[in-house]
Amino acid sequence: RLMINDRPTQLRVNLDALLNNYNELNELNNKKIGLAIVKADSYGLGAKVIANHLYQNGVRHFAAATLEEALELKEVIQDSMVLVLGVTNPKNIKYAIESNISLTCPSIAWLRECLSELETLDKKLKIHVKIDTGMGRIGTSDVEELKSIDRLLDSEKIDFEGIFSHYSNADGSDNNYDDYQTKKFDDSIKLFKNKPKYIHIGNSASTVKYSDRRDQYNMTRLGVTLYGCYPSENIEKLDKIKLEPVATLISKVSHVKKFLKGEKLGYGVSYEAKQDEYIATVPIGYADGILRRAQGFKIKVGAEDCEIVGRVCMDQLMVRCSENIKVGDDVLIFGENNGQKISVDTFAAYQDTISYEIFCCINKRVPRVYYKNKMEL
């Protein structure tokens, strides 16, 4: 099959910015171990390439969402710690053991199932016990259950590697719920007679927000901040760190047409020319991850700020522009290109969502192009 790329749409990933963000975050947070979150294919930016780049620059701690993701990562970062943050089926723990992958223990029932499976396996299973301090997804805070888990950790089949929780409101404007969760976590840790190698509750927001705190935690999880985004305006306003944008979504104008006043365009004829004007078409649409609610947002076309008009189509969108715009002109959806900038957070806020969702929505058919030292890899 002939492999061609006939569309100019691409997602550019700046690996230098990625590494700089990691190093800056580590420096900010008293050099705790930075656990690089590369789940969901590194938020859609390409986990294997990103993890390998971090690995080649000394990073040895990573986290994925599922066992399948972790196994794929192990193909490029064999001797690193990889933690699966979600719940793994105990029937599949042999794959984790074979590849030296750490799993999350969400409950006593899960641990008992794992111990049953471990009876026929030789090596130890590495686990991080999850404490639910108020997020409510997985884990437990029941005192008796945690004591039971602690007793089972004495098994020679278990390597009690870590214990962790997750702040649910660290990107908020106050610390009240964070303090509640912190105390609950600290109280839960006291129930374990042996302390594990890694203790972590910090996420992207708290890594910045509580960078001045001294505590017993020796690891923090670096998620969206790694990719150059602030978890919220509250965190950005703290002005503790300057993150570099990592991802840039670009395309080029594929068609330009003059519309007369009163002419309509787009599905549902949702736009009518207010005067004689020019409309440019860009080959990117909701199948690529530009959601229909982006209608009305202004993107950079050539040197102009151009409003998306009409409904975003599956494969294309249209913008109102001047007669100066020509086929082949650069289009910037978000990121940085030729000195122009559009924050992905601004793009996300317009659509009443967050940068995480914007990244994750970008379809695989959009080529990922990686840059290092300003050179395409």
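Preceding this section is the structure that the text describes.
Below is a short write-up of the structure. (Residues numbered from 1 in each chain as written. Predicted model: local features only at pLDDT ≥ 70, side-chain atom pairs only at ≥ 80, totals over all residues. Heavy atoms only, no water.)

**Overview of the packing of helix α6 (residues 108-118) against helix α7 (residues 143-152)**
Quick reminder of the rule: To define axes, lines are fitted to C-alpha atoms, for helices over the stretch in contact only, and angles between the resulting N-to-C directions are given on a 0 to 180 degree scale. A run of H or I in DSSP becomes a helix once it reaches four residues, and a run of E becomes a strand once it reaches two; helices and strands are each numbered from the N terminus. For classification purposes, an angle smaller than 35 degrees is called roughly parallel, one larger than 145 roughly antiparallel, one from 65 to 115 roughly perpendicular, and anything else oblique. Less than a right angle of anticlockwise turn of the near helix away from the far helix marks a crossing as left-handed, whereas a clockwise turn marks it as right-handed. Any two residues whose heavy atoms approach within 4.5 Å are treated as being in contact. Three classes are used, and their members are as follows: Ala, Val, Leu, Ile, Met, Phe, Trp, Tyr, Cys and Pro are nonpolar, Asp, Glu, Lys and Arg are charged, and the others, Gly among them, are polar.
The contact between α6 and α7 brings their axes to 9 Å, and the two run at 20°. Judged by the inter-axis angle, α6 sits roughly parallel to α7. Classified by chirality, the crossing of α7 by α6 is left-handed. Of the residues in α7, those touching α6 at Ile-108, Leu-111, Arg-112 and Leu-115 are Glu-145, Ser-148, Ile-149 and Leu-152. Grouping the constituent residues of the contact of α6 with α7 by class yields five nonpolar, one polar and two charged.

**Quick notes on the nonpolar core**
In summary, soluble globular proteins display a tendency toward joint burial of nonpolar side chains. In plain terms, the rule: Working definition of a nonpolar core: buried Ala, Val, Leu, Ile, Met, Phe, Trp, Tyr and Cys residues. They are joined through side-chain atoms within 4.5 Å. The buried label applies to any residue whose accessible area, calculated with a 1.4 Å probe on protein chains only, is under 20% of its type's maximum; exposed applies above 50%, and partly exposed to all values in between.
Counting residues in hydrophobic clusters, the biggest one holds 111 residues, and the most contacted among them are Leu-54, Phe-62, Leu-125, Val-129 and Phe-334. In terms of residue count, helix α1 (residues 15-28) provides more of this core than any other element does, seven residues in total. In contact with Leu-125, other than residues within four places in its own chain, are Ile-93, Ile-97, Leu-103, Trp-110, Cys-114, Leu-118, Lys-157, Ile-158 and Asp-159. Judged by nonpolar contacts, the second largest core, of seven residues, contains Leu-265, Tyr-271, Ile-279 and Val-309.

**Here we look at the layout of surface pockets**
Which entries qualify depends on this criterion: Lining residues are defined by having an atom within 4 Å of a point belonging to a cavity or pocket. Those points lie on a 1 Å grid over the protein atoms alone, cavities being sets where a 1.4 Å probe fits but cannot get out and pockets being open sets with protein on both sides within 12 Å along at least five of seven lines. Grid points are joined across faces, edges and corners, and a volume is the space filled by probe spheres set on the points.
As a volume, the largest pocket reaches approximately 670 Å³. Around the largest pocket, the lining comprises 27 residues; the ones closest to its centre are Lys-39, Arg-137, His-166, Asn-203 and Tyr-356. Mapped by element, the contributors of at least two residues to the lining of the largest pocket are α2 (39-43), α9 (204-209) and α12 (355-361). Its residues assigned to classes, the lining of the largest pocket shows 15 nonpolar, seven polar and five charged.

**Quick word on empty space enclosed by the protein**
Counted under the stated rule, the structure contains one cavity of 30 Å³ or more. The computed volume of the largest cavity comes to approximately 120 Å³. Of all the secondary structure elements, the ones that give two or more residues to the lining of the largest cavity are α9 and β9 (219-222). When the residues that make up the lining of the largest cavity are grouped by side-chain class, the tally is five nonpolar, five polar and three charged.

**Looking at the pattern of salt bridges**
To keep it simple, the criterion reads: Put simply, a salt bridge is a Lys or Arg side-chain nitrogen that is within 4 Å of an Asp or Glu carboxyl oxygen.
A complete count under the given rule lists 22 salt bridges for this structure. Lys-264 is paired through a salt bridge with Glu-272; the nearest N and O atoms lie 3.3 Å apart. On the basis of relative accessibility, which here comes to 46%, the residue Lys-264 falls in the partly exposed class. The class of Glu-272 is partly exposed, set by a relative accessible area of 40%.

**Some remarks on the packing of aromatic side chains**
To keep things clear, this is the line we draw: Each pair of aromatic rings taken from Phe, Tyr and Trp, with Trp reduced to its six-membered ring, is defined by centres within 6.5 Å and is described as stacked if the planes are under 30 degrees apart, edge-to-face if over 60, and tilted in the remaining cases. The rule is short: NZ of Lys or CZ of Arg within 6 Å of the ring centre and within 35 degrees of the ring normal puts a charge over the ring.
Applying the stated criterion to the full structure yields ten aromatic pairs. Consider the rings of Tyr-43 and Tyr-227, whose centres lie 5.0 Å apart with planes at 40°: the pair is tilted. Highlighted residues: Tyr-43 in helix α2 and Tyr-227 in the loop between β9 and α10 (233-237), separated in sequence by 184 residues. For the pair shown, Tyr-43 and Tyr-227 are each scored as buried. These aromatic residues form a ring-pair network of at least three members: Phe-297, Phe-334, Phe-347, Tyr-350 and Phe-359. For the cation-ring pair, Arg-60 lies above Tyr-55, with the distance from its terminal atom to the ring centre recorded as 3.8 Å. The residue whose ring lies beneath Arg-213 is Tyr-210, and the NZ or CZ to ring-centre distance is 3.8 Å.

**Looking at the packing of α1 against helix α3 (residues 47-56)**
Across the interface, α1 lies against α3 with an axial gap of 10 Å and an inter-helix angle of 55°. With respect to their mutual orientation, α1 and α3 come out oblique. Judged by the twist between their axes, the crossing of α1 over α3 is right-handed. Packed against α1, whose contacting residues are Leu-15, Asp-16, Leu-18, Leu-19 and Tyr-22, the element α3 presents Val-49, Ile-50, His-53 and Leu-54 at the interface. A per-class count over the contact of α1 with α3 returns seven nonpolar, one polar and one charged.

**Comments concerning unusual backbone geometry**
Here the phi dihedral of Lys-31 falls at roughly 60°; this positive angle occurs in a residue that is not glycine. Locating Lys-31 in the fold gives a position in the loop between α1 and β2 (33-37). Here the phi dihedral of Ser-42 falls at roughly 55°; this positive angle occurs in a residue that is not glycine. With respect to the helices and strands, Ser-42 occurs in helix α2.

**With respect to the sheet that holds strand β3 (residues 61-64)**
Heads up, the rule is: A pair of strands is labelled paired if DSSP reports no fewer than 2 bridges between them.
Pairing in this open sheet of eight strands is parallel, and the strands run β8-β7-β6-β5-β4-β3-β2-β9 from one edge to the other. In the strand order of this sheet, the two ends are held by β8 (198-200) and β9, each with one partner. Direction aside, neighbouring strands of the sheet carry axes that sit 30° apart on average. Relative to β3, β2 runs parallel, the two being bridged by two bridges. Across the sheet, residue Ile-37 finds its bridge partner in β3, namely Ala-63.

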